[in-house]
Amino acid sequence: MRDILDNIHHVFVNNFEEFETHINAQLNDVDNHILLDLSDISGLNALTDLEEILSNMPRALALMKRVDKDIETLLFYIAQYRDGLRFVRRKMTYLLTVWCDYQQCNDILRSSGILQWDTSVCLHLDLLPNISEFIESLQDIIRADLLYIPRQGIYNYQVVGKIIRENLHDQLPLISMKLAKLSETYRQNVTHLQGLIRSIINDIYSQHSHMTKGFHELQQSYGSDRKLISIALSVSILTITIILIAALICGWCVRRDNSGSKCLLLAMVLISLISSLMLLVCLFYSIMGLIMYHAVCTPRTSLERHDVFDTHVNHPFNKNETMCHENQNIFDLLRVAGLYDVNSLWKEMSDNITPEYIIEFRDDLTKLVILTEEQKIRLSHTRNGKLSDYHGLSIRKVLCHKLSQVDLMKCKVYLLEFANKFLNSAKHSLAYQYRMNATINNMRLLSNDINQIASLERPIHDLINRIWKDTTTIDGLITRYEDFNNSILLLIEEITEAEYFLHTRGAEYINALIQEFYQYLEKAFDKYVQRVSEECKYIIGRCVPLALIHKRSLNNLCHYLVDPINGYWLGLFTCALLFFPIVLVAHKLLCLYRVYGHIGSAIIYFNSAHFACPACTDTPFVPAPYVISAGNQIHLCGCEEAFKEKDA
């Protein structure tokens, strides 16, 4: 419930403060927003592009100088690479046609592609433009100091924003004041809701505190005594059990004395002393446990199981009790109780924050001048230089990476393998063996030249990649269309058309933008109020978590507290009831386990024909007739026959 309070404060206060801050920021920048939208629709963004192009000229000049140096270095490396390929091709052709007068040498010359080594178009850079002319044109544009022209045009256009700000000067503060009032209204709603929810918290505490209080009082009243009594009863039961087990062992296995009957007699005495007390104590605590179980753990009805969290609200202003169901939330509870309705918040906040009457923009923009004719002519002069035809594609389309038709290293390995297998074989005659050896040595020397030529490929590729990157960057800096000439021409035309649009339709479009801005404020406010209402209806204050907490608390209370206590005392009560049949059985076994003897040599003979045990039959004890005889006089006492029958 305290989390619900925090969520309500966050939604009603913190979120509205963020919304208010956002709206006030929009109000402060409304002239800039309208100015940007106006420049988009009129095409006056070309003025910004023109200013960006002219401001990028120094950086473009630095990159162009680096491109010029890279192209100069590239041409040198390409020339070295091309001349090396031609030298190796010429020498290899001479070796395989003049020195090696075999058909296999002619075939290997054609299949290895040596004759096409220097025919790649990437080795011929004659179509590259003159970069120094571009550099001179860039320097001329920088020296002409044309950057102030588009910046002056931007400053002239900013005057429109000031006019728009002055036109809205009387209405924007009213919106801010209304937002401040609404913020205060939200704070009042939060204070009211927090008071209601705190009363619900108090109701929950008051309704469920009696259970905690009952357990606390039970613990204080009977907790310590119950612990001592339970220990004493458990020790007594354990003692009686041990004595009975000892009596059974002695009665069955040890018949030399009366240990079994004595243990049974002691157990009967203890049971007689303890059983009554145990029954009374167990009955008392069992009845208390049943009352506790009925109050806490009795299974609910289907309606009560659905509405586990049966929190009732009894507010001083509303005497009707309401209940928060599991599929509802706190705001439903308050609405049913008639204490607070979120829909009333929607009605209360439904008023528009924008003024009812919007002042129209009626200033004259026909006299607005973005660029003068003289400034446009000066900008057009930049198209007459050598830079007018510049585009990086004219440089990049000449450059490529395929310097040779074949891979030099693979071709070198292929030629050396041929030389080792064919030219160095022993089938040649002595006259040709000298020429073959010379051919092999020269081919090995040429392989070293091929390694040096191939080492130039890496720096050539690096230079080409850097030239590609720099020219692409220059294109982004000083061009917007096909080339520099068309870029400047089209941008000036767009600026002229934008100026005409401002003269003819500027005021009309500004009014439309102001109207659209106020509609945006209304939609944003309505959306915020709707979101707050939906948050309160469907997200904040759900009763499901409360119901789960309540259900889990009851389950834990019954499972871990009530059920173990009741089970313990019920077990002791059952044990006390079992003592009564145990006493009867022990009484029967008492006579069976009793062992009778005699003193000295006298033999006592009981005439048991008509004698019954008084302990077993509850009859009065009447001594039976008996005869005492000693030693050798047994045949004179009339007992001899009885002893013989006994021995038989």
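Calculation criteria
Residues numbered from 1 in each chain as written. Predicted model: local features only at pLDDT ≥ 70, side-chain atom pairs only at ≥ 80, totals over all residues. Heavy atoms only, no water. Helix = DSSP H or I, 4+ residues; strand = E, 2+ residues; numbered from the N terminus. Buried < 20%, exposed > 50% of the residue type's maximum accessible area, 1.4 Å probe, protein only. Areas by Shrake-Rupley, 256 points an atom, 1.4 Å probe, with all protein chains shown as cover. pLDDT = per-residue confidence, 0-100. Contact = heavy atoms within 4.5 Å. Polar contact = N/O pair within 3.5 Å; in protein donor to acceptor, adjacent residues only side chain to side chain. Disulfide = S-S within 2.5 Å. Patch = residues over 30% accessible without salt bridge, like charges linked within 9 Å, V, L, I, M, F, W, Y side chains within 5 Å. Salt bridge = Lys/Arg side-chain N within 4 Å of Asp/Glu carboxyl O. Expected span 1.5 Å × (residues − 1). Arc of directions from axis to C-beta. Core = buried A, V, L, I, M, F, W, Y, C linked by side-chain atoms within 4.5 Å. Phe/Tyr/Trp six-rings, centres within 6.5 Å; stacked < 30°, edge-to-face > 60°. Lys NZ or Arg CZ within 6 Å of the ring centre and 35° of its normal. Axes fitted to C-alpha atoms, helices over the stretch in contact; angles between N-to-C directions. Parallel < 35°, antiparallel > 145°, perpendicular 65-115°, else oblique. Left-handed = near helix turned anticlockwise from the far one by under 90°. Nonpolar A, V, L, I, M, F, W, Y, C, P; charged D, E, K, R; others polar. UniProt positions renumbered as here; feature names shortened; annotations may be inferred. Bend = angle between axes of the 7 residues up to and from the residue.

Draft legend 1. Spatial organisation of the overall build of the protein. When helices and strands are counted, the protein shows 21 helices and four strands. In the protein, which comprises 648 residues, the share counted as buried stands at 40%. Accessible surface, the protein as shown: approximately 37,400 Å² in total, 57% of it carbon and sulfur.

Draft legend 2. Here's a closer look at the confidence of the model for the protein. Taken over all residues, the pLDDT of the protein has a mean of 78, while the share at 70 or more is 80%. Considering each helix and strand of the protein separately, the mean pLDDT is smallest for helix α10 (residues 302–306), with a value of 45, and largest for helix α17 (residues 457–478), with 93. Segment residues 301–321 is flagged for pLDDT under 50; beyond a separation of four residues in sequence, or across chains, it makes 46 contacts in the model. Ignoring residues within four places in sequence, the model shows residues 598–609, a span with pLDDT below 50, making 13 contacts including any to other chains.

Draft legend 3. Spatial organisation of the environment of T473. Along the polypeptide, T473 turns up in helix α17. Through-space distance from the C-alpha of T473 to that of R59 is 9.8 Å; in sequence the pair is 414 residues apart. Every residue in contact with T473, bar those within four places of it in the chain, is listed here: R59 and L63. In this structure the side chain of T473 is engaged in a polar contact, spanning 2.9 Å, whose partner is the backbone oxygen of K469.

Draft legend 4. Structural view of the state of the cysteines. Scanning the model with the defined rule gives one disulfide in all. Between the sulfur atoms of C122 and its disulfide mate C400 the distance is 1.6 Å. Measuring the twist about the S-S bond at about -130°, one finds the C122-C400 disulfide to be left-handed. Here C400 lies in the loop between α14 (393–396) and α15 (408–423) and C122 lies in the loop between α5 (103–111) and α6 (131–144), a separation of 278 residues in the sequence. On the basis of relative accessibility, which here comes to 23%, the residue C400 falls in the partly exposed class. Between C263, a cysteine without a disulfide, and C250, which holds the nearest cysteine sulfur, the sulfur-to-sulfur distance is 5.1 Å. Left unpaired, C575 is separated from the closest cysteine sulfur, that of C282, by 8.3 Å.

Draft legend 5. Examining the environment of L416 more closely. Among the structural elements, L416 can be located in helix α15. Residue L416 is classed as partly exposed on the basis of its relative accessible area, which comes to 25%.

Draft legend 6. Highlighting a nonpolar patch on the surface. A cluster of nonpolar side chains, namely L265, V269 and L273, defines an oily patch on the protein surface of about 290 Å² accessible area. Following the sequence through the fold, L265 ends up in helix α9 (residues 259–296).

Draft legend 7. Summary view of helix α2 (residues 30–42). The first and last C-alpha atoms of α2 sit 18 Å apart over 13 residues, in line with the 18 Å expected at 1.5 Å per residue. Turning to α2, its buried residues are V30, D31, I34, L35, L38, S39 and S42. Considered in projection along α2, the buried side chains sweep an arc of 165° and stay on one side of the axis. A positive backbone phi angle near 90° is found at G43, which sits one or two residues after α2.

Draft legend 8. Quick look at the nonpolar core. Core analysis: the largest hydrophobic core is formed by 131 residues, its most contacted members being F12 and I478. Discounting residues that sit within four places of it in the chain, I478 has contacts with I53, M57, A60, L138, L387, Y390 and F484. If you look at the next biggest cluster of nonpolar residues, it comprises 27 residues, including L244, L279, Y285 and Y593.

Draft legend 9. Summary view of the packing of aromatic side chains. Under the definition given, this model contains 10 aromatic pairs. Between F501 and Y509, the aromatic rings sit 6.2 Å apart at their centres with planes inclined by 70°, giving edge-to-face as the arrangement. Residue F501 is classed as buried on the basis of its relative accessible area, which comes to 12%. The exposure class of Y509 is partly exposed, given its relative accessible area of 22%. Cluster of aromatic residues (ring-pair linked, three or more members): F16, F19, F525 and Y528. Here the guanidinium or amino end of R396 rests over the ring plane of W468, the centre of that ring lying 5.9 Å away.

Draft legend 10. Representation of the pattern of salt bridges within the structure. In the structure shown here, the tally under the stated rule is 10 salt bridges. A salt bridge links R143 to D140; the shortest N-O distance between them is 2.4 Å. Of this pair, R143 and D140 both sit in helix α6, three residues apart, roughly one helical turn. Note that E373 and K376 form a salt bridge whose closest N and O atoms lie 3.9 Å from each other. Of the two residues, E373 and K376 are both situated in helix α13 (residues 373–381); the distance of three residues between them amounts to about one turn of the helix. Salt bridges linked by common partners bring E373, K376 and E499 together as one network.

Draft legend 11. Fine view of the packing of α2 against helix α7 (residues 148–167). Where α2 meets α7, the closest approach of the two axes is 9 Å, and the angle between their N-to-C directions is 135°. In terms of orientation, α2 and α7 fall into the oblique class. Classified by chirality, the crossing of α7 by α2 is right-handed. For the pair α2 and α7, contact is made by V30, D31, I34, L35, L38 and S39 and by Y157, Q158, V160, G161, I164 and R165, respectively. In terms of residue class, the contact of α2 with α7 is made up of seven nonpolar, three polar and two charged.

Draft legend 12. Inspection of the UniProt feature "transmembrane region" (unreviewed entry) in the protein at higher detail. When the UniProt feature table is mapped to this numbering, "transmembrane region" (unreviewed entry) covers residues 228–252, 264–293 and 567–586. Counting secondary structure, residues 228–252 comes out at 100% helix and 0% strand; the distance between its end C-alpha atoms is 36 Å. As annotated, residues 567–586 comprises 100% helix and 0% strand, and the C-alpha atoms at either end are separated by 28 Å.

Draft legend 13. Focus on the packing of helix α4 (residues 57–99) against α5. At a closest axis distance of 8 Å, the pairing of α4 and α5 adopts a crossing angle of 155°. Between α4 and α5, the crossing angle belongs to the class labelled roughly antiparallel. The handedness of the crossing between α4 and α5 is left-handed. Contact with α4, carried on its side by T93, L96 and T97, involves C105, N106, I108 and L109 of α5 and no other residues of that element. Of the residues contributing to the contact of α4 with α5, the split by class is four nonpolar, three polar and no charged.

Draft legend 14. Quick peek at helix α19 (residues 543–592). Spanning 50 residues, α19 covers 71 Å between terminal C-alpha atoms, matching the ideal 74 Å at 1.5 Å per step. For α19, the principal kink sits at C558 and spans about 40°.

Draft legend 15. Representation of unusual backbone geometry in the model. One non-glycine residue, D145, lies in positive phi territory at about 55°. Assignment of secondary structure puts D145 in the loop between α6 and α7.

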